[in-house]
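Fold and geometry: a report
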Amino acid sequence: MAKDYETHLAFDPILERVVTKREATGRIEAKLADNLTWCFCELCGNLTEYSAIRFNPVVVKKLKNENAKLVPLTEKMISLGLERAKKLAKHYSEALSGKYGPHKASQMIARYGDLVEMRADCSVESFHEYIEPKMKLREHARPSDLAWTTRLAGSASDGPKPSKLYCEKHHPSRSDSSRRAYHRDRRFIWEYRALMEQIWTHGFNNLTLSGWDIEDHADVRREAYRQVKALRSPTSMLDDFLSKGTMTQAEIARQLGISRQAVSAAIKRRALKKRQESDR
Ligand SMILES: [Zn+2]
């Protein structure tokens with residue numbers, strides 16, 4: 001069966017060569033297909049190594065035999081980009097006032113903007129803020145090519161590829177400390193996901209969160225991860241509270257600054273562990 005692959009130009013900063021990259025399939029393809037959550041680490045609120053790179057393209061000049069070099073950004077390119085952004089923003093503000101017909105403003109958003117990244121704020125300021133870096137990049141890349149580096153900054157030539165699933169702190173093959181963090185937090189992945197669910201439900205009910213806002217996705221993940229950290233690090237604290245036997249789950253949750261459901265999940269996990277140990 002024929003498959004459609006998305007390809008993009010990739011630049012290897014150590015070898016100074018360009019290669020064409022194909023997107024992955026299966027689990028990773030499914031993750032990348034979600035246009036709001038594709039960029040986040042599976043275990044915390046950080047960006048994956050891969051998306052951190054995709055958000056920061058580099059400009060390269062292709063040379064003979066697949067060789068390439070980075071093109072430096074000059075003052076002139078910056079000022080040209082700023083000028084172009086200013087002109088476009090002025091045009092957009094006129095479009096908003098209806099000068100070019102009823103549809104021009106939304107057409108400009110579709111062409112130059114991104115409603116998710118602009119957080120549905122269609123003001124002139126928001127439009128200007130969004131297009132400014134894009135226009136600088138456009139001037140930078142005008143006579144050259146845009147590419148995405150194949151390695152993380154500062155990683156060794158035999159280092160692992162940027163992970164599409166995990167951030168730098170959680171990529172198990174990145175370093176000893178990231179491997180430890182991966183194994184430590186992997187055990188709490190179900191608590192992490194359950195906490196995210198709870199925070200979303202709570203936020204939807206209170207109308208404080210909206211599913212299309214990428215910042216909300218980041219906030220929910222950060223908050224869930226904070227609670228996971230509270231759950232796993234002060235284990236002795238939780239055990240202290242439990243051994244007293246006088247505090248309710250709600251009181252313990254308040255003391256630790258986490259949700260009651262998280263405390264309940266931690267107690268269940270402990271009970272399960274004890275049972276497994278006594279079965280051995
Ligand atoms: Zn992470």
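What you see is a predicted model; the values in this text were computed from it and never measured. (Residues numbered from 1 in each chain as written. Predicted model: local features only at pLDDT ≥ 70, side-chain atom pairs only at ≥ 80, totals over all residues. Heavy atoms only, no water.)

Side note on helix α8 (residues 214-232)
Here α8 is 19 residues long and its end C-alpha atoms lie 27 Å apart, about the 27 Å a rise of 1.5 Å per residue gives. Between a side-chain oxygen at the N-terminus of α8 and the backbone nitrogen of Glu 215 the separation is 2.9 Å; the capping residue is Asp 213. (Helix = DSSP H or I, 4+ residues; strand = E, 2+ residues; numbered from the N terminus. Expected span 1.5 Å × (residues − 1). Polar contact = N/O pair within 3.5 Å; in protein donor to acceptor, adjacent residues only side chain to side chain.)

So, the side chain of Glu 42
If you trace the backbone, Glu 42 turns up in the loop between α1 (27-33) and α2 (49-54). Engagement of the side chain of Glu 42 in a polar contact is seen with the side chain of Lys 31, the distance being 2.7 Å. When residues no more than four places from it in sequence are discounted, the contact partners of Glu 42 are Arg 27, Lys 31, Leu 165, Tyr 166, Ile 189, Tyr 192 and Arg 193. (Contact = heavy atoms within 4.5 Å.)

Section: the packing of aromatic side chains
Pairs of aromatic rings are described using the distance from one ring centre to the other and the angle between the two planes. With the rule as written, the count across this model stands at four aromatic pairs. Ring centres of Trp 38 and Phe 55 lie 5.5 Å apart, and the angle between their planes is 50°; on these two criteria the pair is classed as tilted. Of this pair, Trp 38 sits in the loop between α1 and α2 while Phe 55 sits in the loop between α2 and β3 (58-62); the two residues are 17 residues apart in sequence, bridging distant segments of the chain. With a centroid separation of 5.3 Å and 85° between ring planes, the pair formed by Tyr 166 and Tyr 182 is classed as edge-to-face. (Phe/Tyr/Trp six-rings, centres within 6.5 Å; stacked < 30°, edge-to-face > 60°.)

Coordinates in, geometry out; function isn't part of it.
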